Amino acid sequence: MGARTKLEGIPAPFTRAVEEVKRAVARPELEIGEMPPPQRIAPFAHAMTADVVIGEAELGTGRFILLHDPAGNDAWNGTFRCVTFARADIEHEMATDPLITQVGWSWLTDALADASAEHTSSAGSITVVRSEGFGAMSDDEADAQIEVRASWTPHGDLEAHASAWMELLGKLAGLPPLSPGVVPLTRRRSAR
(Lines give C-alpha, C1' and ligand atoms only; values in the text may rest on other atoms or scores of the structure.)
Protein backbone atom coordinates (compact mmCIF):
# COMPACT_ATOMS: atom_id res chain seq x y z
CA MET A 1 0.00 0.00 0.00
CA GLY A 2 1.38 3.42 -0.98
CA ALA A 3 1.71 6.43 1.27
CA ARG A 4 -1.50 8.39 1.83
CA THR A 5 -1.61 11.82 0.29
CA LYS A 6 -3.06 14.89 1.97
CA LEU A 7 -5.91 14.95 -0.57
CA GLU A 8 -7.15 11.46 0.25
CA GLY A 9 -10.38 11.58 2.16
CA ILE A 10 -11.32 15.08 0.96
CA PRO A 11 -14.74 14.88 -0.70
CA ALA A 12 -14.85 15.79 -4.39
CA PRO A 13 -17.70 18.32 -3.86
CA PHE A 14 -15.53 20.24 -1.38
CA THR A 15 -12.51 20.17 -3.69
CA ARG A 16 -14.68 21.53 -6.54
CA ALA A 17 -16.18 24.19 -4.27
CA VAL A 18 -12.73 25.44 -3.21
CA GLU A 19 -11.66 25.60 -6.87
CA GLU A 20 -14.79 27.66 -7.64
CA VAL A 21 -14.07 30.06 -4.75
CA LYS A 22 -10.50 30.55 -5.99
CA ARG A 23 -11.78 31.47 -9.48
CA ALA A 24 -13.43 34.64 -8.17
CA VAL A 25 -11.70 37.71 -9.62
CA ALA A 26 -10.95 40.48 -7.16
CA ARG A 27 -11.17 44.14 -8.01
CA PRO A 28 -7.74 45.86 -8.10
CA GLU A 29 -8.07 47.46 -4.65
CA LEU A 30 -8.31 44.05 -2.91
CA GLU A 31 -5.28 42.14 -1.70
CA ILE A 32 -6.41 38.51 -1.39
CA GLY A 33 -4.72 35.84 0.68
CA GLU A 34 -5.45 32.53 2.35
CA MET A 35 -5.47 31.82 6.06
CA PRO A 36 -5.77 28.67 8.16
CA PRO A 37 -9.45 27.75 8.38
CA PRO A 38 -11.25 27.07 11.66
CA GLN A 39 -10.84 23.46 12.75
CA ARG A 40 -13.91 22.69 14.84
CA ILE A 41 -16.88 24.16 13.01
CA ALA A 42 -17.06 21.65 10.15
CA PRO A 43 -15.10 18.61 8.95
CA PHE A 44 -13.81 20.60 5.94
CA ALA A 45 -13.12 24.32 5.64
CA HIS A 46 -11.33 26.81 3.41
CA ALA A 47 -10.58 30.41 4.45
CA MET A 48 -9.57 33.56 2.57
CA THR A 49 -8.67 37.06 3.69
CA ALA A 50 -8.81 40.36 1.88
CA ASP A 51 -7.67 43.88 2.59
CA VAL A 52 -9.01 46.90 0.73
CA VAL A 53 -5.91 48.99 0.02
CA ILE A 54 -5.55 52.24 -1.91
CA GLY A 55 -2.02 53.59 -1.94
CA GLU A 56 -0.75 53.17 1.61
CA ALA A 57 -4.22 53.32 3.19
CA GLU A 58 -6.02 50.18 4.33
CA LEU A 59 -9.73 50.99 4.07
CA GLY A 60 -11.21 47.66 5.08
CA THR A 61 -10.57 44.02 5.80
CA GLY A 62 -12.46 40.77 5.75
CA ARG A 63 -12.55 37.00 5.87
CA PHE A 64 -14.51 34.47 3.82
CA ILE A 65 -14.83 30.93 5.12
CA LEU A 66 -16.34 28.03 3.22
CA LEU A 67 -17.53 25.21 5.48
CA HIS A 68 -18.51 21.70 4.36
CA ASP A 69 -20.10 18.87 6.28
CA PRO A 70 -20.88 15.95 3.93
CA ALA A 71 -23.42 14.64 6.47
CA GLY A 72 -25.29 17.94 6.32
CA ASN A 73 -26.09 20.32 9.11
CA ASP A 74 -29.66 21.00 10.23
CA ALA A 75 -28.85 24.61 11.15
CA TRP A 76 -27.47 25.23 7.65
CA ASN A 77 -30.19 23.33 5.75
CA GLY A 78 -27.43 21.94 3.56
CA THR A 79 -23.89 20.59 3.38
CA PHE A 80 -22.11 23.91 2.69
CA ARG A 81 -22.07 27.22 4.58
CA CYS A 82 -20.44 30.54 3.70
CA VAL A 83 -19.33 32.66 6.64
CA THR A 84 -18.02 36.20 6.36
CA PHE A 85 -16.63 38.96 8.48
CA ALA A 86 -16.03 42.36 6.91
CA ARG A 87 -15.00 45.64 8.55
CA ALA A 88 -14.31 49.13 7.23
CA ASP A 89 -13.87 52.64 8.52
CA ILE A 90 -16.82 54.94 7.89
CA GLU A 91 -17.43 58.62 8.41
CA HIS A 92 -18.34 59.53 11.99
CA GLU A 93 -21.59 61.15 10.80
CA MET A 94 -22.54 57.99 8.93
CA ALA A 95 -22.21 56.00 12.15
CA THR A 96 -24.89 58.14 13.78
CA ASP A 97 -27.47 57.38 11.07
CA PRO A 98 -30.15 55.17 12.66
CA LEU A 99 -30.52 53.24 9.38
CA ILE A 100 -26.83 52.39 8.95
CA THR A 101 -27.23 48.81 10.18
CA GLN A 102 -30.07 48.20 7.70
CA VAL A 103 -27.95 49.76 4.96
CA GLY A 104 -25.03 47.51 5.92
CA TRP A 105 -27.23 44.42 5.66
CA SER A 106 -28.55 45.60 2.28
CA TRP A 107 -24.96 45.91 1.02
CA LEU A 108 -24.56 42.18 1.70
CA THR A 109 -27.89 41.12 0.22
CA ASP A 110 -27.40 43.39 -2.80
CA ALA A 111 -23.90 41.98 -3.39
CA LEU A 112 -25.29 38.43 -3.29
CA ALA A 113 -28.13 39.36 -5.66
CA ASP A 114 -25.83 41.27 -8.05
CA ALA A 115 -23.52 38.24 -8.25
CA SER A 116 -26.49 35.88 -8.80
CA ALA A 117 -25.31 34.00 -5.71
CA GLU A 118 -28.32 31.85 -4.87
CA HIS A 119 -28.63 31.13 -1.17
CA THR A 120 -30.92 30.30 1.73
CA SER A 121 -30.81 30.48 5.52
CA SER A 122 -28.96 33.80 5.75
CA ALA A 123 -28.18 35.17 9.19
CA GLY A 124 -25.97 37.88 10.54
CA SER A 125 -25.39 41.05 12.45
CA ILE A 126 -24.21 44.55 11.67
CA THR A 127 -22.20 46.41 14.29
CA VAL A 128 -21.32 50.09 14.21
CA VAL A 129 -18.61 51.35 16.56
CA ARG A 130 -17.84 55.01 17.22
CA SER A 131 -14.81 56.22 19.14
CA GLU A 132 -14.03 59.67 20.46
CA GLY A 133 -11.06 60.63 22.62
CA PHE A 134 -11.33 62.48 25.92
CA GLY A 135 -8.84 63.93 28.41
CA ALA A 136 -5.29 63.40 27.21
CA MET A 137 -6.73 61.77 24.07
CA SER A 138 -9.08 64.64 23.19
CA ASP A 139 -6.87 65.68 20.26
CA ASP A 140 -7.28 62.25 18.64
CA GLU A 141 -9.64 62.21 15.71
CA ALA A 142 -13.04 60.58 16.22
CA ASP A 143 -13.46 57.46 14.15
CA ALA A 144 -16.12 54.92 13.32
CA GLN A 145 -16.29 51.44 11.85
CA ILE A 146 -18.94 49.14 10.48
CA GLU A 147 -18.69 45.36 10.83
CA VAL A 148 -20.69 42.73 8.99
CA ARG A 149 -20.80 39.20 10.39
CA ALA A 150 -22.96 36.92 8.30
CA SER A 151 -23.48 33.40 7.06
CA TRP A 152 -25.66 31.74 4.44
CA THR A 153 -26.17 28.39 2.74
CA PRO A 154 -24.91 28.69 -0.85
CA HIS A 155 -26.45 27.07 -3.91
CA GLY A 156 -24.85 26.81 -7.31
CA ASP A 157 -21.34 27.87 -8.26
CA LEU A 158 -19.33 29.11 -5.26
CA GLU A 159 -17.41 31.62 -7.41
CA ALA A 160 -20.49 33.88 -7.26
CA HIS A 161 -20.48 33.77 -3.45
CA ALA A 162 -16.79 34.69 -3.18
CA SER A 163 -17.38 37.48 -5.73
CA ALA A 164 -20.29 38.80 -3.64
CA TRP A 165 -18.05 38.86 -0.55
CA MET A 166 -15.43 40.85 -2.45
CA GLU A 167 -18.10 43.28 -3.64
CA LEU A 168 -19.34 43.67 -0.05
CA LEU A 169 -15.82 44.65 1.02
CA GLY A 170 -15.73 47.29 -1.70
CA LYS A 171 -19.13 48.69 -0.69
CA LEU A 172 -18.15 48.86 2.99
CA ALA A 173 -14.93 50.68 2.11
CA GLY A 174 -16.82 53.20 -0.03
CA LEU A 175 -15.36 52.13 -3.37
CA PRO A 176 -17.39 53.05 -6.45
CA PRO A 177 -18.98 50.14 -8.32
CA LEU A 178 -17.04 48.86 -11.29
CA SER A 179 -18.56 50.02 -14.57
CA PRO A 180 -20.33 47.33 -16.60
CA GLY A 181 -17.91 45.77 -19.06
CA VAL A 182 -14.84 46.77 -17.05
CA VAL A 183 -12.88 43.70 -16.06
CA PRO A 184 -10.76 44.15 -12.93
CA LEU A 185 -7.15 43.07 -13.07
CA THR A 186 -6.49 39.84 -11.23
CA ARG A 187 -4.51 40.40 -8.03
CA ARG A 188 -1.84 37.97 -6.97
CA ARG A 189 -3.03 35.76 -4.16
CA SER A 190 -0.61 35.48 -1.30
CA ALA A 191 -0.49 32.92 1.46
CA ARG A 192 -0.62 34.68 4.80
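It should be noted that the structure appears before, not after, this text.
The model shown is predicted, which means the values in this text are computed figures rather than measured ones. (Residues numbered from 1 in each chain as written. Predicted model: local features only at pLDDT ≥ 70, side-chain atom pairs only at ≥ 80, totals over all residues. Heavy atoms only, no water.)

### Some remarks on the nonpolar core
Counting 43 residues, the largest nonpolar core has Ile32, Phe64, Leu66, Trp165, Met166, Leu168 and Leu172 as its most contacted members. Contributing elements (two or more residues each) for this core: helix H1 (12–23), strand E1 (30–35), strand E2 (44–54), strand E3 (57–73), strand E4 (78–90), helix H3 (100–114), strand E6 (143–154) and helix H4 (159–172). The element best represented in this core is H4, accounting for 8 residues. If we skip the residues at most four places from it in the chain, Leu168 touches Ala86, Trp107, Leu108, Ala111 and Val148. Judged by nonpolar contacts, the second largest core, of 6 residues, contains Ala42, Ala45, Ile65 and Trp76. (Core = buried A, V, L, I, M, F, W, Y, C linked by side-chain atoms within 4.5 Å. Buried < 20%, exposed > 50% of the residue type's maximum accessible area, 1.4 Å probe, protein only. Helix = DSSP H or I, 4+ residues; strand = E, 2+ residues; numbered from the N terminus. Contact = heavy atoms within 4.5 Å.)

### As for the pattern of salt bridges
Counting across every chain of the model gives 6 salt bridges. Put simply, Asp114 and Lys171 hold a salt bridge, and the shortest N to O gap is 3.9 Å. One end of the pair, Asp114, is in helix H3; the other, Lys171, is in helix H4, and 57 residues separate them in sequence. Here Asp114 falls in the exposed class, since its relative accessible area comes to 61%. A salt bridge links Arg149 to Glu147, with the shortest nitrogen-to-oxygen separation between them at 3.5 Å. By sharing partners, the salt bridges in this structure join Arg23, Asp157 and Glu159 into a single network. (Salt bridge = Lys/Arg side-chain N within 4 Å of Asp/Glu carboxyl O.)

### A few points about a negative patch on the surface
Together, Glu58, Asp89, Asp139, Asp140, Glu141 and Asp143 give the surface a local cluster of negative charge. By secondary structure assignment, the location of Glu58 is in strand E3. In this structure Glu58 comes out as partly exposed when scored by relative accessible area, which is 46%. (Patch = residues over 30% accessible without salt bridge, like charges linked within 9 Å, V, L, I, M, F, W, Y side chains within 5 Å. Areas by Shrake-Rupley, 256 points an atom, 1.4 Å probe, with all protein chains shown as cover. Lys, Arg positive; Asp, Glu negative; His and termini not counted. Charge placed at Lys NZ, Arg CZ, Asp CG, Glu CD.)

### With respect to unusual backbone geometry
Although it is not a glycine, Ser116 adopts a positive phi angle of roughly 55°. The residue Ser116 is located in the loop between H3 and strand E5 (119–131) in this model. On the accessibility criterion, Ser116 (58% relative accessible area) is exposed. Backbone geometry at Ser121 places phi at a positive 55°, although glycine is not the residue there.

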